[in-house]
Amino acid sequence: NPVNVTAVEEHTDQVKVSIYPNPMTDQTQFTVYSLESTVYGLQFELFDVTGKQVKQFVTRTSSFALTKDDLAPGIYFYKLSSENEPFATGKLIIQ
């Protein structure tokens, strides 16, 4: 039986990242909780299963939307960093 995951929460030290919905179709919302250095900007990177970076941007907010744009359906991995220090990684599924 297939498992339907509607949200994934990743915990890394004192940081919690919520992604809803995951799997996503057109858009998903990332929310980062308990990050004191948000004012310095968050760097978001998305990689495909081969490790190729397919999306990157910097935001100064702790909540942001990610749209599918030209990304093909599949499994992706994200990395969130602040001041060039990674603090959270996880998996995102695009349907």
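Conventions and cut-offs
- Residues numbered from 1 in each chain as written.
- Predicted model: local features only at pLDDT ≥ 70, side-chain atom pairs only at ≥ 80, totals over all residues.
- Heavy atoms only, no water.
- Salt bridge = Lys/Arg side-chain N within 4 Å of Asp/Glu carboxyl O.
- Helix = DSSP H or I, 4+ residues; strand = E, 2+ residues; numbered from the N terminus.
- Buried < 20%, exposed > 50% of the residue type's maximum accessible area, 1.4 Å probe, protein only.
- Pairing = 2+ DSSP bridges.
- Axes fitted to C-alpha atoms, helices over the stretch in contact; angles between N-to-C directions.
- Contact = heavy atoms within 4.5 Å.
- Phe/Tyr/Trp six-rings, centres within 6.5 Å; stacked < 30°, edge-to-face > 60°.

Student: Give a detailed account of the pattern of salt bridges, specifying residues and quantitative values.
Tutor: A side chain with one charge may pair with a side chain of the opposite charge, provided their charged atoms come close. Under the defined criterion, the tally for this structure stands at 2 salt bridges. Of the charged contacts, one joins Lys79 and Glu45 as a salt bridge, the two residues approaching to 3.6 Å between their closest N and O atoms. Pair noted here: Lys79 is in strand 7 (residues 74-82) and Glu45 is in strand 4 (residues 42-47), with a separation of 34 residues, a long-range link. Residue Lys79 is classed as partly exposed on the basis of its relative accessible area, which comes to 26%. For Lys55, the salt bridge goes to Asp69, with nearest N and O atoms at 3.0 Å. One end of the pair, Lys55, is in strand 5 (residues 53-59); the other, Asp69, is in the loop between strand 6 (63-67) and strand 7, and 14 residues separate them in sequence.

Student: Tell me what's going on with the sheet that holds strand 8 (residues 85-94), and back it up with residues and numbers.
Tutor: Taken together, 4 strands build an open sheet; the order of strands is 5-4-7-8 and the sheet is antiparallel. In this open sheet, the two strands that pair with only one neighbour each are strand 5 and strand 8. Here the strands of the sheet are splayed against their neighbours by 20° on average, with no regard to which way each runs. Of the pairings in the sheet, the one linking strand 4 to strand 5 comprises 6 bridges and is antiparallel in character. Bridged to Leu42 within strand 5 is Thr59.

Student: Explain the environment of Leu80 to me, and be specific about the residues and the numbers.
Tutor: Tracing the backbone shows Leu80 in strand 7. Using a relative accessible area of 0% as the deciding quantity, one classes Leu80 as buried. C-alpha separation for the pair Leu80 and Gln56, spaced 24 residues apart in sequence, amounts to 10.0 Å. Residues in contact with Leu80, not counting those within four places in the same chain, are Val17, Val32, Gln43, Phe44, Phe64, Glu85, Pro86, Phe87 and Ala88.

Student: Could you give an account of the environment of Asn84, with specific residues and numbers?
Tutor: Inspection of the secondary structure puts Asn84 in the loop between strand 7 and strand 8. Here Asn84 falls in the exposed class, since its relative accessible area comes to 65%. Remark: the alpha-carbon pair of Asn84 and Leu42, spanning 42 residues in sequence, is separated by 9.0 Å.

Student: Help me get a handle on the packing of aromatic side chains, residues and values and all.
Tutor: Aromatic ring pairs are defined here through the distance separating the ring centres and the angle between the ring planes. Considering all chains together, one arrives at 6 aromatic pairs under this definition. These aromatic residues form a ring-pair network of at least three members: Phe30, Phe44, Phe57, Phe64 and Tyr78.

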